[in-house]
Amino acid sequence: MNLIFLGAPGAGKGTQAKRAVEKYGIPQISTGDMLREAVAKGTELGKKAKEYMDKGELVPDEVVIGIVKERLQQPDCEKGFILDGFPRTLAQAEALDEMLKELGKKIDAVINIAVPEEEVVKRIVNRRTCKKCGAVYHLIYAPPKEDNKCDKCGGELYQRDDDKEETVRERYRVYKQNTEPLIEYYRKKGVLYDVDGTKDIEGVWEEVVSILDKIK
Ligand code: ADP
Ligand code: ADP
Ligand code: ZN
């Protein structure tokens, strides 16, 4: 299964993608995670990307397209993959079509997780991420068992630099302008599935599973 999880920042793409990795045994390709890794390592790419990320802007298309192209050629993507946070622009969607064509693949489903702005802001300002393994928590909706400590690996939890309210609002604006048009792009291709992202994590997951079990 070749999947895309689409939705505003904070809609729950990463949370649902991680569950799908477990259940279906296909890798999650999160451009946000890959960019943050490059930032943490202090690579040239990371330094360049950080300027955009801190402002809540999109990293230039050619940069993310390059990263995804390389990643999709790894052997673990042969049985399928979940793109999380990519594509985010029409140019990225078109570049993805091109890459998949070359690889003889296609997208089977785009899961569109819909959540309104005010809920997204509430989710993101209370999001905490594990420094070590990237696991995601929420102070109210999905708290860790022990304060500030990852349940899975014991790593320290932190708040992402771009998870402050004013940056979140800017990211939401960027989503509306650049990414939301992709809903129609994929609906026209007949691969779009809408999910009510305002349900709790378990409720959203049930919807996701019922879709994926059908197309699998
Ligand atoms: P995205 O990858 O779309 O940015 P995340 O999966 O990181 O979103 O979720 C954003 C925040 O909201 C996290 O703190 C996560 O724990 C929490 N969260 C995810 N899904 C839900 C949900 N259905 N209800 C409440 N909180 C959620
Ligand atoms: P969220 O799901 O909360 O929006 P991500 O981790 O997906 O966060 O992305 C964080 C930041 O990384 C984005 O605000 C943007 O600067 C950059 N980024 C991630 N994916 C892309 C992409 N496909 N195109 C451009 N920039 C991206
Ligand atoms: Zn961890």
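Before any of the text, the structure's been laid out above.
Computed from a predicted model, the values in this text were never measured in an experiment.

## Remarks on the site of ligand 2
Right, on to step 1. What surrounds ligand 2 is a group of 20 residues, the closest being T31, E57, R88, R127 and R171.
Right, on to step 2. Within the backbone of G85, one N or O atom sits 2.9 Å away from a nitrogen atom of ligand 2.
Right, on to step 3. Within the side chain of R88, one N or O atom sits 2.7 Å away from an oxygen atom of ligand 2.
Right, on to step 4. Isolated, ligand 2 exposes 550 Å² of accessible area, and the fraction of that covered by the protein chains is 96%.
Right, on to step 5. Considering every element that reaches the shell around ligand 2, the biggest residue donor is helix α2 (residues 31–41), with 4 residues.
Right, on to step 6. Residues that form the shell around ligand 2 fall into these classes: 7 nonpolar, 5 polar and 8 charged.

## Quick look at a nonpolar patch on the surface
Right, on to step 1. Together, L139, I140 and Y141 line one region of the surface with nonpolar side chains, adding up to about 320 Å² of accessible area.
Right, on to step 2. For L139, the location among the structural elements is in the loop between β6 (136–138) and β7 (157–158).

## Comments concerning the pattern of salt bridges
Right, on to step 1. Scanning the model with the defined rule gives 29 salt bridges in all.
Right, on to step 2. K149 is paired through a salt bridge with E146; the nearest N and O atoms lie 3.9 Å apart.
Right, on to step 3. The class for K149 is partly exposed, based on a relative accessible area of 37%.
Right, on to step 4. Judged by its relative accessible area of 49%, E146 is partly exposed.

## Section: the site of ligand 1
Right, on to step 1. Around ligand 1, a shell composed of 18 residues is seen, among which G10, K13, T15, R127 and Y137 lie nearest.
Right, on to step 2. Between ligand 1 and R123 there is a distance of 3.4 Å, counted from a nitrogen atom to a side-chain nitrogen or oxygen.
Right, on to step 3. Bound to the protein, ligand 1 loses 94% of the 560 Å² it would expose on its own.
Right, on to step 4. Only α1 (13–24), β6 and α9 (201–215) provide two or more residues apiece to the shell around ligand 1.
Right, on to step 5. Across the shell around ligand 1, the residue classes tally to 8 nonpolar, 5 polar and 5 charged.

## Section: the coordination of the zinc ion (ligand 3)
Right, on to step 1. Around the zinc ion (ligand 3), the donor atoms from the protein are C130 (SG), C133 (SG), C150 (SG) and C153 (SG), and they sit 2.3 to 2.4 Å away.
Right, on to step 2. Its 4 donor atoms give the zinc ion (ligand 3) angles of 98 to 114 degrees at the centre, a pattern that matches the tetrahedral case.
Right, on to step 3. Counting the intervening residues between successive donors of the zinc ion (ligand 3) yields the motif C-x2-C-x16-C-x2-C.
Right, on to step 4. Overall, the relative accessible area of 4% leaves C150 in the buried class.

## Details of the packing of aromatic side chains
Right, on to step 1. Counted under the stated rule, the structure contains 2 aromatic pairs.
Right, on to step 2. Relative to Y175, the ring of Y172 has its centre 5.9 Å away and its plane inclined at 40 degrees; by these criteria the two rings are tilted. With a gap of 3 residues between them, Y172 and Y175 both fall in helix α7 (residues 165–179), about one helical turn apart.
Right, on to step 3. You can call Y175 buried: its relative accessible area is 8%.
Right, on to step 4. Ring geometry for Y185 versus Y186: centroids 5.0 Å apart, planes at 90 degrees, classification edge-to-face. Accessibility assignment for this pair places Y185 and Y186 in one class, buried.

The rules we used
Residues numbered from 1 in each chain as written. Chains lettered and ligands numbered in written order. Predicted model: local features only at pLDDT ≥ 70, side-chain atom pairs only at ≥ 80, totals over all residues. Heavy atoms only, no water. Near = heavy atom within 4 Å. Polar contact = N/O pair within 3.5 Å; in protein donor to acceptor, adjacent residues only side chain to side chain. Areas by Shrake-Rupley, 256 points an atom, 1.4 Å probe, with all protein chains shown as cover. Helix = DSSP H or I, 4+ residues; strand = E, 2+ residues; numbered from the N terminus. Nonpolar A, V, L, I, M, F, W, Y, C, P; charged D, E, K, R; others polar. Patch = residues over 30% accessible without salt bridge, like charges linked within 9 Å, V, L, I, M, F, W, Y side chains within 5 Å. Salt bridge = Lys/Arg side-chain N within 4 Å of Asp/Glu carboxyl O. Buried < 20%, exposed > 50% of the residue type's maximum accessible area, 1.4 Å probe, protein only. Donors = N, O, S within 2.8 Å, 3.2 Å for Na, K, Ca; no water. Tetrahedral: all angles 85-135°; square planar, octahedral: opposite > 155°, others 65-115°. Phe/Tyr/Trp six-rings, centres within 6.5 Å; stacked < 30°, edge-to-face > 60°.

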